[in-house]
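Next come the chains, spelled out residue by residue.
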Amino acid sequence: MSLFGRAALLLAFAAALYAVCAALWSRRPGQQRFMVSAERAVYGVAGVTTVAVVTMWTALVTDQFNIADVAGYSSRSLGTNYKITALWGSQAGSLLLWAWLLSLAAALVVATNRRRNRELLPVVIAVLMGIAVFFTSVLSFITSPFATLSPVPLDGRGLNPLLQNVYMQSHPPLLYIGYVGLAVPFAFAIAALVTRRLDTAWITSVRRWTILSWMFLGVGIILGSRWAYEELGWGGYWAWDPVENAALMPWLVATAFLHSVMVQERRGMLKIWNMVLVTLTFTLALFGTFLTRSGILSSVHAFGESTLGPYFLGLIVVVLVGAFALLITRLPLLRSQSSLESYVSREAVFLYNNLLLVGLAFAVFWGTIFPVLSEAVRGDKITVGQGFFDQVAGPIGLALLFLTGVGPLIPWRKASGAELRRRFGVPVIVALIVVIPALMVSSDGGHWWAAAALVLAAFTLTAIAGEFWRGMKARHQLDGVSWPGAVGQLFVRNRRRYGGYIVHVGIVLVIVGIACQGAFSSQGDLALAKGQQGTVSGYTFVNEGGTRARDDHKMSVGAALGVYDGPDRIATLNPGVDVFLAQMQRSSEVAIDSTPFRDVYVVLVGLTPDGVARISVFINPMMMWIWVGGLIIALGALVAVWPSRRSRAPATIAPGADGAAQA
Amino acid sequence: MIYALIAILSVALVALIAWPLVSGRAPTDPDVAAQALRAAEDDLLRSLDAIREIDMDHRAGNLSDADFAELDREERARAVELMHRRDALRDEGPAS
């Protein structure tokens, strides 16, 4: 089985290398058959990489402990669902997942571009398969997931207990789909530069890819946060860990790209900037993969020491140098078709949003990489604490929230004072109404920024509601449809715009959740004998008894806690601790009672032989809205990319503003 | 057994990739006319979407009357030009 898997990967490497050469050769006159062959090679790479993945899954499910990754990350007692997800528990396995998803994405690109973008496609294939060559060569010659062990152990070491969680089953694949998906816009950008087809066609061709990749990356980040919240047992969900940052950086830059492409499409501006953003986005996706595998930074999410760092660094350098060298040679072709007419215009707001997002990404990059730089330059590893990130991300996040509300209110090109007064009136009034209660709830801790977040959230949500209202009114007048029908028409006719507004609602909710949890959460520790009660932040906890259990897999202790809000019993929580025998590793089983207003989050620190439960209690306000916001972001992104039923029937143009242009 | 499977996989992959090169059939030349027509139709649909969006922006108050008139005129002129181009390409030959 090991040999078969290795052979499949070697075949994938050879086919990918051939696809690069054949695709580039096909650009010569009369060599079209090589393009057909290159396209088939892409399908071939997807096929044999799938064979390698299925082989690995078979090895995991059938306990083939002669394969090092199976012995290292699975065991006989592990459930089949976790055996499947153990594929990405190991370094080599996770790279195999990367290569597989990339090959599937490349095959999908070829399949969906059989009749379009034919001039771009040879270069697109060359870029995507070039990346596949890198990953399949690493998997074939440097770190194989099919490496074997001798002697063969009777049982495996099992999967890290921290990874035995439903969110960890989906978080890595979703992140990888995001990372891999971002390779597609990059490949199209390079193809546009190489072929000099630098109009907006390449951008419209990759719009769905970019939005979906951005969505998968975002949902992956949210699920990773949820995993940290439930599994790590420290009451929080985000610690500015280097690997968390590594996923956030490409997401931030991709967000900037999604906004700036609209300026290019509408005004023919920011063409160079968009090329820079798409290159940076993909480079940061590679950088994230590099960080988790280089061993240069320690993280709960990283794979530890490895020799892969230099290879990934080499790929990043090649991508950056190659893309920017190409960009420089094409600068004359990337001149803007118009210029910024006013600093108070929609395009200017997009520009500010871009600067803030890229600035935040740079700050996160700097804070992440600083320990490495300080060690290289001064010999001391100076760790950048959470305070640095909070201080930078807080104000920038608020400014972005403000722009999220302002953007839709400001017209393209320029805005008159009268227009601004008319458009800003209602959102500003609503925001002012929220100022006093926001200041009241935040005054005791001096958390002015949380109050600001609540005020700006009210402003932005009102602005979005206003956009929906004006859109409905316009549709009602234009199409003569009912008001409910007008809502449907908004989404049918302009999914991208209104899907985008739904995404903005999700972003607002996430920021509200983050701000409230950061500002208003409280924590307390209790030691309760059986029947004894204690209080944290107004909630009373009663120890109703402990439990102890043991099976072949783990030892468990738990405590049953009655939770009261005043005289009312609101929940029974059962926090516990598992000790997994194979690894002798401890894992907290956190108990959470969630409502839209707060989470009661309880961690069992220990249970003494005489039944005293030592617990840590966290009261986290508005936590639910982070997860709900994430769901709404995903929903909005899906609305934005959902295909429209555009007819290919002969198109006509209705009379216009001057009634002249008809066809 | 494993070696046989590897051989089958290798032969299948080589056959898949090499067939267009050795089949002796002339490769499917890109239908330049069909591609140009499709590109023109795509451009036209994008242009029509832009006209609708400009109209929505104006009705929703995102564009002043003067800006709307200018943008609308420009985009409609572009759409008419694209329609002429599409019609000319259709007249040149049957599109697949």
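S.K.: Please explain the overall build of chain B as it appears in this structure.
M.R.: For chain B, the count of helices and strands is 3 helices and 0 strands. Secondary structure elements of chain B occur, N-terminal to C-terminal, as α-α-α. Taken across its 96 residues, chain B has 29% of its residues classed as buried.

S.K.: I would appreciate a short explanation of the overall build of chain A in the present structure.
M.R.: Check the secondary structure of chain A and you find 20 helices and 10 strands. By the compact-globule yardstick of 26 Å for 663 residues, chain A fits well, its C-alpha radius of gyration being 27 Å. Scored against the burial criterion, the 663 residues of chain A give a buried share of 52%. Across chain A, every contact between residues at least 6 apart in sequence was considered, and the portion connecting residues at least 24 apart equals 72%.

S.K.: Where do I start with the confidence of the model for chain A in this structure?
M.R.: Atomic detail in the predicted coordinates should be set aside for any region of low pLDDT. Mean pLDDT over chain A: 88, with 95% of residues reaching 70 or higher. Confidence drops under pLDDT 50 across residues 659–663 of chain A; counting only partners more than four residues distant or on other chains, this segment forms 11 contacts.

S.K.: Honestly, the nonpolar core in this entry has me stumped. Any pointers?
M.R.: A general feature of soluble globular proteins is that nonpolar side chains tend to end up buried together. All names here are of chain A. Counting residues in each nonpolar core, the largest one holds 206 residues, and the members touching the most others are Ala 19 and Met 129. No other element matches helix α1 (residues 2–25), which puts 16 residues into this core. Counting 20 residues, the second largest nonpolar core, distinct from the first, contains Val 577, Ala 613, Val 617 and Phe 618.

S.K.: What's the story with helix α14 (residues 346–378) of chain A in this structure? I'm lost.
M.R.: Turn by turn, an α-helix covers 3.6 residues, leaving residues three or four places apart pointing in a common direction. All names here are of chain A. For α14, spanning 33 residues, the distance from its first C-alpha to its last is 46 Å, which sits close to the expected 48 Å at 1.5 Å a residue. A bend of about 45° at Phe 370 is the largest found in α14, and the proline Pro 371 appears one to four places after it. Of the residues one or two after α14, Gly 379 is the one with positive phi, at around 85°.

S.K.: I tried to follow the environment of Ala50(B) on my own but got confused; where do I start?
M.R.: All names here are of chain B. The topology assignment puts Ala 50 in helix α2 (residues 32–59). Among the residues examined, Ala 50 registers 19 C-beta atoms within 10 Å and is labelled partly exposed. Between the C-alpha atoms of Ala 50 and Ile 6, which are 44 residues apart in sequence, the distance is 53 Å.

S.K.: How do you make sense of the sheet that holds strand β1 (residues 522–528) of chain A when you look at a structure like this?
M.R.: The pairing of strands in a sheet happens through backbone hydrogen bonds and is either parallel or antiparallel. Residues and elements named next belong to chain A. Strands sit in the order β1-β10-β9-β8 across an open sheet of 4 strands; the sheet is antiparallel. One side of each edge strand has no neighbouring strand; the edge strands of this open sheet are β1 and β8 (591–594). On average, each strand axis in the sheet is inclined to that of its neighbour by 20°, with strand direction left out of account. Taken together, the 4 bridges between β8 and strand β9 (residues 598–607) define a ladder with antiparallel strand orientation. Bridging from a neighbouring strand, Ser 594 pairs with Asp 599 of β9.

S.K.: Where do I start with the domain arrangement of chain A in this structure?
M.R.: A common measure of how large an interface is: the accessible area buried when the components associate. Residues and elements named next belong to chain A. For chain A, the domain assignment lists domain 1 (1–158), domain 2 (160–415), domain 3 (416–520 + 637–641) and domain 4 (522–624). Residue-level contacts link 16 residues of domain 2 with 23 residues of domain 3. Of all the secondary structure elements, the ones that give two or more residues to the side of domain 2 that touches domain 3 are α10 (207–231) and α15 (386–406). Examining the composition of the side of domain 2 that touches domain 3, we find that 7 residues originate from one element, α15, more than from any other. Along the lines of polarity and charge, the residues of the side of domain 2 that touches domain 3 split into 11 nonpolar, 4 polar and 1 charged.

S.K.: Is there a simple way to explain the interface of chain A and chain B in this structure?
M.R.: Tallying the contact residues gives 42 residues for chain A and 42 residues for chain B. Broken down by element, the residue count for the side of chain A that touches chain B peaks at 9 residues, all from helix α2 (residues 32–61) of chain A. Here the residues of the side of chain A that touches chain B are counted per class, giving 20 nonpolar, 9 polar and 13 charged.

S.K.: Just to check I follow, could you spell out the environment of Ser616(A) for this structure?
M.R.: Residues and elements named next belong to chain A. Its place among the elements puts Ser 616 in strand β10 (residues 613–621). Taking the C-alpha atoms as reference points, Ser 616 and Val 536, 80 residues apart in sequence, are found 9.5 Å from one another. Not counting the four nearest positions on each side in its chain, Ser 616 is found in contact with Gln 523, Asp 525, Val 603 and Val 605.

S.K.: What am I meant to see in the pairing of β10(A) here?
M.R.: Both faces of the sheet carry side chains from a regular strand, because those side chains alternate between them. Residue and element names in this part refer to chain A. Most of β10 sits out of view: 8 of its 9 residues are buried. Of the strand pairs in this sheet, β1 and β10 are connected by 7 bridges, and their pairing is antiparallel. Across the sheet, Gly 524 pairs through a bridge with Val 617, a residue of β10. Bridging between β9 and β10 involves 9 bridges; their strand directions are antiparallel. Looking across to β10, one finds that Leu 604 is bridged to Ile 615.

S.K.: Is there a simple way to explain the pairing of strand β3 (residues 539–550) of chain A in this structure?
M.R.: All names here are of chain A. Bridge analysis of strand β2 (residues 533–536) against β3 gives 4 bridges, and the strand direction is antiparallel. Paired with Gly 534 across the strands is Phe 541, a residue of β3. Both β3 and strand β4 (residues 554–565) contribute to a ladder of 10 bridges, which runs antiparallel. Considered in β4, the bridge of Arg 550 is made with Met 555. In this antiparallel pair of consecutive strands, β3 and β4, the connection spans 3 residues.

S.K.: Looking at this structure, how should I read the packing of α2(A) against helix α5 (residues 91–112) of chain A?
M.R.: The description of two helices packed together rests on the angle between their axes and the distance between the axes. All names here are of chain A. Interaxial distance between α2 and α5 falls to 9 Å at its minimum, and their mutual angle equals 150°. Considering how the two elements wind past one another, α2 and α5 form a crossing that is left-handed. In this structure, α2 uses Glu 39, Val 42, Tyr 43, Val 45, Ala 46, Thr 49, Thr 50, Ala 52, Val 53 and Met 56 to contact α5, whose residues at the interface are Gly 93, Leu 96, Ala 99, Trp 100, Ser 103, Leu 104, Ala 106, Ala 107 and Val 110. Counted by class, the contact of α2 with α5 contains 14 nonpolar, 4 polar and 1 charged residues.

S.K.: Please explain helix α16 (residues 417–442) of chain A as it appears in this structure.
M.R.: Helix geometry: α16(A) is bent most strongly at Gly425(A), by close to 45°, with proline Pro427(A) lying one to four residues after it. In this structure, the buried side of α16(A) is in contact with α15, α17 (448–479) and α19 (495–520) of chain A.

S.K.: Before we go on, may I ask you to explain the packing of α17(A) against helix α18 (residues 483–493) of chain A in this structure?
M.R.: Residue and element names in this part refer to chain A. Interhelical geometry of α17 versus α18 gives an angle of 105° and a closest axis separation of 8 Å. If you check the angle between α17 and α18, you find them roughly perpendicular. Note on element contacts: α18 touches α17 through Trp 483, Ala 486, Val 487, Gln 489 and Leu 490, opposite Gly 471, Met 472, Arg 475, His 476 and Asp 479. Class assignment for the residues of the contact of α17 with α18 results in 5 nonpolar, 3 polar and 2 charged.

S.K.: Help me out: how do you make sense of the environment of Val194(A) in this one?
M.R.: Residue and element names in this part refer to chain A. If you trace the backbone, Val 194 turns up in helix α8 (residues 183–195). Under the C-beta neighbour-count criterion, Val 194 is labelled buried, with 20 such atoms within 10 Å. Sequence separation of Val 194 and Val 123 is 71 residues, and the distance between their C-alpha atoms is 7.6 Å. Other than its neighbours up to four places away in sequence, Val 194 contacts Val 123 and Leu 326.

Definitions and cut-offs
Residues numbered from 1 in each chain as written. Chains lettered and ligands numbered in written order. Predicted model: local features only at pLDDT ≥ 70, side-chain atom pairs only at ≥ 80, totals over all residues. Helix = DSSP H or I, 4+ residues; strand = E, 2+ residues; numbered from the N terminus. Buried ≥ 20, exposed ≤ 12 C-beta atoms within 10 Å, placed from the backbone. Rg over C-alpha atoms; globule rule 2.2 N^0.38 Å. Contact = placed C-beta atoms within 7 Å. pLDDT = per-residue confidence, 0-100. Core = buried A, V, L, I, M, F, W, Y, C linked by C-beta atoms within 7 Å. Expected span 1.5 Å × (residues − 1). Bend = angle between axes of the 7 residues up to and from the residue. Pairing = 2+ DSSP bridges. Axes fitted to C-alpha atoms, helices over the stretch in contact; angles between N-to-C directions. Domains from an automatic or database assignment. Nonpolar A, V, L, I, M, F, W, Y, C, P; charged D, E, K, R; others polar. Left-handed = near helix turned anticlockwise from the far one by under 90°. Parallel < 35°, antiparallel > 145°, perpendicular 65-115°, else oblique.

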